[in-house]
Amino acid sequence: DALDQLTIDVAKSRKTLADASSFLPAYDQRLYEQQVKGFEQSLEQLRVSAAPKSKFAFKRKTATGQSNPKTTPQAATPTTTAAPSDVRALTGHTGVYLTSSSLPASSSLSGSQLTISDIDRCIIDLRSSQDDDTLTAMHMKNVKNSILLLPLLSGSVILLDLHNTILVVGCHQFRMHSSTHVNVYLSISSNPIIEHCSDIQFTSYPSSFSASASANEATSTHLSVQDFSHIRATPSPHWRPLPENAVIGDHSWPTAPFEGDVETVLTRLLPQSAAPQQND
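First, a word on scope: everything that follows refers to the structure included in this document. (Residues numbered from 1 in each chain as written. Predicted model: local features only at pLDDT ≥ 70, side-chain atom pairs only at ≥ 80, totals over all residues. Heavy atoms only, no water.)

**Regarding the overall build of the protein**
Helices and strands together make up the secondary structure of the protein, namely 4 helices and 13 strands. Taking all 280 residues of the protein together, the buried fraction comes to 41%. Looking at the protein alone, contacts between residues at least 24 apart form 51% of all its contacts between residues at least 6 apart. Element-wise, carbon and sulfur atoms account for 51% of the exposed surface of the protein, whose accessible area totals about 15300 Å². (Helix = DSSP H or I, 4+ residues; strand = E, 2+ residues; numbered from the N terminus. Buried < 20%, exposed > 50% of the residue type's maximum accessible area, 1.4 Å probe, protein only. Contact = heavy atoms within 4.5 Å. Areas by Shrake-Rupley, 256 points an atom, 1.4 Å probe, with all protein chains shown as cover.)

**Things to note about the pairing of strand S5 (residues 135-144)**
Here S5 lies mainly inside the structure; 7 of its 10 residues are buried. Where strand S3 (residues 112-120) and S5 come together, 8 bridges link them in parallel fashion. Bridging from a neighbouring strand, leucine 114 pairs with methionine 138 of S5. The sheet contact formed by S5 and strand S7 (residues 156-171) spans 6 bridges and is parallel. Each bridged residue has a counterpart across the sheet, and for lysine 141 the counterpart in S7 is leucine 160. (Pairing = 2+ DSSP bridges.)

**A few points about a nonpolar patch on the surface**
A contiguous nonpolar surface patch, about 320 Å² in accessible area, is contributed by Tyr27, Phe228 and Ile231. Mapped onto the elements, phenylalanine 228 comes out in the loop between strand S12 (226-227) and strand S13 (239-241). (Patch = residues over 30% accessible without salt bridge, like charges linked within 9 Å, V, L, I, M, F, W, Y side chains within 5 Å. Salt bridge = Lys/Arg side-chain N within 4 Å of Asp/Glu carboxyl O.)

**Concerning the pairing of strand S11 (residues 198-204)**
In terms of burial, S11 is a largely internal element, 5 of the 7 residues being buried. Of the pairings in the sheet, the one linking S11 to S13 comprises 3 bridges and is parallel in character. Looking at the pairing, isoleucine 200 lines up with tryptophan 239 of S13.

**Here's the deal with the layout of surface pockets**
Reported here for the largest pocket is a volume of approximately 480 Å³. Contributing to the lining of the largest pocket are 20 residues, with Ser13, Thr16, Leu17, Tyr32 and Gln113 lying nearest its centre. Elements supplying a minimum of two residues to the lining of the largest pocket: helix H1 (2-20), helix H2 (26-50), S5 and S7. Per-element tally for the lining of the largest pocket: the top contributor is H1, with 6 residues. The residue makeup of the lining of the largest pocket, split by class, is 8 nonpolar, 10 polar and 2 charged. (1 Å grid on protein atoms, 1.4 Å probe; cavity = no way out; pocket = protein on both sides within 12 Å on 5 of 7 lines; lining within 4 Å. Points joined across faces, edges and corners; volume = space filled by probe spheres on them. Nonpolar A, V, L, I, M, F, W, Y, C, P; charged D, E, K, R; others polar.)

So, in structure tokens, the structure goes:
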């Protein structure tokens, strides 16, 4: 039973990597591919060690005086059950307010992942998801002129092509690529990583959003940012702490149920240069 469950988990990891290949940077794809291959090799070793010992049998000689060849050892072959898809997505939205009720249903109660992509001038508020502990990882691609209010996650957050956006999130691993003008309110226990980014500002996760984040604020490493595009002893020019006078106050964040105008809130909260522009 344990081997069958491991087979399902490894198959699920392989599928998740395949689903994310469209937006994962090449470096991350290579890194995760190596990890998944390591899982598969370890699983194969477990299969071999768990297989029953092969038994050889010899048949008596036939009447013609010829003997049959030895029977081939029969090794047990474990069955592989297709892993369910627990990758949910919010994609292709413009000018709307979205909450956790906007998420498609997951096929399991835990371990699900969320993809957010192709978002413009939106407010996405998923803070209510922090109580049911369903989201473990998140991937984002092509998000601009938006506010993302996200819960504390146990896994990773991988970001690509974020522009003129406010991001509030807690996670174990944070990686941002090819993004500009983003204010990040972050709770994290490892070093955040950025690459090919500019004008990124970091501050702590709002204490009013989560008691856990407030308790961990003193040990959060949200200002220990590693810039893979600036491997030097000098400070990176691509990020900086968000000034205290620019931090959004606890009572200024949008709340659910939302009864305001999305464009008005974005114009009020996004930095002036990041405020969304109305189309002619």
